[in-house]
Amino acid sequence: MSDPFEITDTPEPATTTARHLEGLNESQLEAVENIDGPVLVLAGAGTGKTRVLTTRLAHILMERKARPGEMLAVTFTNKAAREMQERVAGVLGTSVEGWWVGTFHALCARMLRRNAELVGLKSNFTIIDTDDQLRLIKQILLEREMDVKRNPPRTFLFTIQGWKDRALEPDEVPPGEVMDAVGGDAIDVYKDYQSRLRAVNAADFGDLLMHAVKVLQKNPDILAEYQNRFRYIMVDEYQDTNAAQYMWLKLLAKTHANICCVGDDDQSIYSWRGADVGNILSFEKDFSNARIVRLERNYRSTPHILGAASGLISFNEDRLGKTLWTDVNDGEKVRVHGVFDSGVEARFVGDEIESRHRKKENLSSMAILVRTSAQTREFEERLITLGIPYQVIGGLRFYERKEIRDAVAYLRIISQPDDDLAFERVVNFPKRGIGDAAMQTLHIHARARGIPLTAAVDELISSDELRPTPRKALALLMSDFSRWRASSLELPPAELCNMVINESGIIEHWKRDKSIEAPGRVDNLKEMVVGLEQFDSLQNFLEHVSLVMENEENKSTDKLSIMTLHAAKGLEFDTVFLPGWEEGLFPHQRSLDEAGTEGLEEERRLAYVGITRAKKRALVTYASRRRLFGQWKPALPSRFVDELPNEHTDRGLEDDLEEPGGYSEFSSPRQRARSGQQRESISYHQVGTDAGDLKIGQRVFHQKFGYGRISELEGDKLEIDFEKAGPKKVMASFVELAE
DNA sequence: ACTTGCTTGGTTTTT
DNA sequence: CCAAGCAAGT
């Protein structure tokens, strides 16, 4: 990573004057050209927000108002950051390496590494994730002999996170809040938590922001340096910023006040995570005579989609108000369709997708957007049966997988021996006979001496406080670590990692494991080694893993996407399916219970985000009963269904929702006409299977997974290689013979 | 030290 | 209904 204070030369201006401004509409131009003074851009969905931001950045450079190192462009997600980097690089034809373009967290981390000692950390501090956070808090609760049952670590984490989102250190928490939080215990846990983090030289995500703010607040010289440096500041997805991020921005923008924030209050859907839409309103107060620019011309959707979305969102009281328009004509109305239950819904949507696909519409241009991730399952099962390739976006990310986290933990200790959390994770993985008893001894010693666990091991290894088995195992492990640490200075990170996963026994462990997912885990580890090749230092890789790493989906094959509405923000599809529009599910009951009208309005914004993802068509469905925790519950259509304006919706004929039993998918003539394929599967599952007929190689049919052959047979448990769904373990009673 | 059966509770999720 | 996390068994 190049030195952040190194200022790259300004690229030459484009030969044609203002070529980068071509094709911008009037409001976009206003947002791009007014670079001096505070600007708030209210950018509706699909109005070219990213284009404005990147063009503005390019414009500042071309006008020679600032050099690259004097600009700060902040986004919320890595995806947005990457997009901005790529597009700026594209417009200017230069690399943006080393520029201050990135996520809040990445940029704060970058600042913090330069001044870590000011907040009690070393510059090579580890960035920990939620998993580590929870384990740390749990340890603290146990140490304090608190009831982990009554008040789970999550509760404390949530409270602490809330304070960090507002950049409140333990001694800054307002007295009024101290007692409220878990009976006054939270503040003590917070104190312990912060000192434990410092002891293991680690920061959590909230710390990156909070510490960065504190460094600026408490060190006028550093603050002045940054304030002078950043002549122009740009912020994306401004509606999602939390208090700490806003403080950081305000501090940095103080001197030049050339700050441009782009956001859409109607798309604020992360308040439950500390985001504060109020920051949009505060902007005008904190930056006097701020220019407000509205981007309302939509380039994405048809008038009916915009009309439906606008009508819906107009039910929100608390908004700044924008009216999206387009000069595109016609298009399809938003379809609204009621079905009997979630199973029928899945079939209905599945059939729709299949028929669109048959008409040559790419699967990748369609998406199913659900409110809760639990809803994805029924659709997955249906798509597997239909043989439609799909991907669920936002499941486990690569680095969240167990095997990857284990390997990364090894690398963390190599890079930073004080990292107790990583040490605990790997000390007995793979199994080497170090159990609770040994760890207890280590903890006691480490705490008494105020040293990290690895240091405690060093001290105890020659004493007789440890039993022989763990003592030998620890000695071996420690010698491994010092050997790897020595290698880390010479070998490239990829080779080091390869060495570690082999010599530690991780690879062997998974090779020996007979479970279905084990081979995949070995593959993932190998993939990780390959991925490591692009890093020149272990440090850089670890930073990447904690801050930037995302799942790279193979885009090569044409796949349908299933994801939550939250995950869909910022994306667009020709066809969008919006299932589960029922009271209680969407709007979600919990939002209503916990946040009342505000909760409802946020849910409505979520619905707005959902509809505005569609370029050409949207299909809303609701079911009259849905399974909740295993039980069928009756459901009413969501109020959002009623709020969609009639002139933009096509409500079709409602199916006979009252019909009992599982056959209602054939209840309407429309459906009956197109159902050909399912009639078969209905007759199939009426047939019982005689266990005597089951043998290896037998071809069978399964309701969820389709056809496959039995590869293993154990009592009434079968392992079946499904043609579409791959190998799965299923009960014999769920399959029918097929031939 | 590791494996088995039971209780419990179960939005949204990025960094 | 189903997965995860914990207490008691070998």
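This text goes with the structure placed above it.
No experiment lies behind these values; they were computed from the predicted model shown.

**A word on the pattern of salt bridges**
Applying the stated criterion to the full structure yields 54 salt bridges. For Glu 70, the salt bridge goes to Arg 67, with nearest N and O atoms at 3.5 Å. Asp 131 serves as the salt-bridge partner of Arg 405, at 3.5 Å between the closest nitrogen and oxygen. On the criterion of sequence distance, the pair formed by Arg 405 in helix H16 (residues 402–415) and Asp 131 in helix H5 (residues 130–143) is long-range, its members being 274 residues apart. Taken together, the shared-partner salt bridges in this structure form one network comprising Asp 129, Asp 131, Asp 132, Arg 135, Lys 402, Arg 405, Asp 406, Arg 412, Asp 419 and Arg 425.

**Observations regarding the protein's contact with DNA strand C**
Taken together, Lys 138, Lys 149, Arg 377, Phe 629 and Gly 630 form the complete shell of residues around DNA strand C. In DNA strand C, atoms within 4 Å of the protein come 53% from sugar and phosphate. Within the side chain of Lys 138, a nitrogen or oxygen atom sits 3.2 Å from a phosphate oxygen of DNA strand C. The residue inventory of the surface near DNA strand C, partitioned by class, reads one nonpolar, one polar and three charged.

**A look at the environment of Ile 233**
Along the chain, the position of Ile 233 falls in strand E6 (residues 232–235). Remark: the alpha-carbon pair of Ile 233 and Pro 153, spanning 80 residues in sequence, is separated by 38 Å. Residues contacting Ile 233, with those up to four places away along its chain left out, are Leu 72, Leu 249, Leu 252, Ala 253, Asn 258, Ile 259 and Cys 260.

**Points about the side chain of Arg 56**
Checked against the element boundaries, Arg 56 lands in helix H2 (residues 49–62). Notably, Arg 56 is buried but unbridged: the nearest opposite-charge side chain belongs to Asp 36, and the N-O separation is 7.6 Å. A distance of 2.6 Å separates the side chain of Arg 56 from the backbone oxygen of Asn 34, its partner in a polar contact. Setting aside anything within four residues of it in sequence, one finds Arg 56 in contact with Ala 31, Val 32, Asn 34, Ile 35, Val 39, Met 234 and Cys 260.

About the criteria used
Residues numbered from 1 in each chain as written. Chains lettered and ligands numbered in written order. Predicted model: local features only at pLDDT ≥ 70, side-chain atom pairs only at ≥ 80, totals over all residues. Heavy atoms only, no water. Salt bridge = Lys/Arg side-chain N within 4 Å of Asp/Glu carboxyl O. Helix = DSSP H or I, 4+ residues; strand = E, 2+ residues; numbered from the N terminus. Near = heavy atom within 4 Å. Polar contact = N/O pair within 3.5 Å; in protein donor to acceptor, adjacent residues only side chain to side chain. Nonpolar A, V, L, I, M, F, W, Y, C, P; charged D, E, K, R; others polar. Contact = heavy atoms within 4.5 Å. Buried < 20%, exposed > 50% of the residue type's maximum accessible area, 1.4 Å probe, protein only. Lys, Arg positive; Asp, Glu negative; His and termini not counted.

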